[in-house]
Amino acid sequence: MRHFPLPQRAAAEALGTLLLVATVVGSGTMAEALAGGNAALALLGNTLATGAILTVLILVFVDLSGAHFNPAVTLAFALRRELRPVHAAAYIAAQIAGGVSGAILAHAMFELPLVQLSQTARTGSGQWLAEVVATFGLLLTIFVCVRFRPHAVAYAVGLYISAGYWF
């Protein structure tokens, strides 16, 4: 794998995160519009789009930046000393900027207000437990695949996230 300068790697993280979040938000918006009130069908549509784009984005960006697209993933690589702290900070800043930009882009594509506050409260012990389980499973998927099946990381992560939408 070629080593790219940090600004290029951070830009790849920003762009990948932007495209991922734009797809998640956009497909959620489209699914809500098309599902006719059927929440399960809307979730299925959002799930398929998210798993597919995540797989594609990992395949596209893995050799450039590692295709983290998630501060938890970046932090885990930094804690394992596989990413220098200054690089992790740049990645996380790029991911946040990309994520915000992706949400704004999706809103613009659907002619919605560019910045919105959520109308759904997402908190409570069950929600936090689900986030911990989902993050643990994501990191387990990544690190086991990187060690034993590096060629399968993109597919395994896309499938894991797709499954995770349902728990």
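Above: the structure in question.
First, a word on scope: everything that follows refers to the structure included in this document. (Residues numbered from 1 in each chain as written. Predicted model: local features only at pLDDT ≥ 70, side-chain atom pairs only at ≥ 80, totals over all residues. Heavy atoms only, no water.)

**Some details on the overall build of the chain**
In terms of helices and strands, the chain carries 6 helices and 0 strands. Taking 2.2 N^0.38 as the reference for a compact globule, 167 residues should give roughly 15 Å; the C-alpha atoms of the chain span a radius of gyration of 16 Å, in line with that estimate. Each principal axis of the C-alpha atoms in the chain carries an extent, and together these give about 45 × 30 × 30 Å. Residues classed as buried in the chain amount to 35% of the 167 residues present. When contacts within the chain are restricted to residue pairs at least 6 apart in sequence, those whose partners lie at least 24 apart make up 68%. Carbon and sulfur atoms provide 69% of the accessible area of the chain, an area that totals close to 10000 Å². The distance from the centre of the 8 positive side-chain charges to the centre of the 6 negative ones in the chain is 16 Å. (Helix = DSSP H or I, 4+ residues; strand = E, 2+ residues; numbered from the N terminus. Rg over C-alpha atoms; globule rule 2.2 N^0.38 Å. Buried < 20%, exposed > 50% of the residue type's maximum accessible area, 1.4 Å probe, protein only. Contact = heavy atoms within 4.5 Å. Areas by Shrake-Rupley, 256 points an atom, 1.4 Å probe, with all protein chains shown as cover. Lys, Arg positive; Asp, Glu negative; His and termini not counted. Charge placed at Lys NZ, Arg CZ, Asp CG, Glu CD.)

**Some points on the nonpolar core**
Ranked by internal contacts, the top residues of the largest apolar core, which has 24 residues, are Ile-58, Phe-69, Ile-142 and Val-157. Elements with a contribution of two residues or more to this core: α1 (6-34), α2 (39-65), α3 (71-79), α4 (85-109), α5 (125-148) and α6 (153-164). If one sorts the elements of this core by residue count, α6 sits on top with 5 residues. If near-sequence neighbours (up to four positions away) are discounted, Val-157 is found in contact with Leu-54, Ile-58, Leu-138, Thr-141 and Ile-142. (Core = buried A, V, L, I, M, F, W, Y, C linked by side-chain atoms within 4.5 Å.)

**Comments concerning α6**
Its 12 residues give α6 an end-to-end C-alpha distance of 16 Å, which sits within 8% of 16 Å, the value for a rise of 1.5 Å per residue. Listed in full, the buried residues belonging to α6 are Val-153, Ala-154, Ala-156, Val-157, Gly-158, Tyr-160 and Ser-162. Buried residues belonging to α6 abut α2 and α5. (Expected span 1.5 Å × (residues − 1).)

**Considering the packing of α3 against α4**
In the contact formed by α3 and α4, the axes pass within 9 Å of each other and the chain directions differ by 175 degrees. For the element pair α3 / α4, the angle class is roughly antiparallel. In contact with Pro-71, Thr-74 and Ala-78 of α3, α4 contributes Ala-88, Tyr-91, Ile-92 and Gln-95. Classifying every residue of the contact of α3 with α4 by side-chain character gives 5 nonpolar, 2 polar and no charged. (Axes fitted to C-alpha atoms, helices over the stretch in contact; angles between N-to-C directions. Parallel < 35°, antiparallel > 145°, perpendicular 65-115°, else oblique. Nonpolar A, V, L, I, M, F, W, Y, C, P; charged D, E, K, R; others polar.)

**Some points on the environment of Ile-53**
With respect to the helices, strands and loops of the structure, Ile-53 is situated in helix α2. Distance in space between the C-alpha atoms of Ile-53 and Arg-9 is 19 Å, their sequence separation being 44 residues. Residues in contact with Ile-53, not counting those within four places in the same chain, are Leu-19, Leu-20 and Thr-23.

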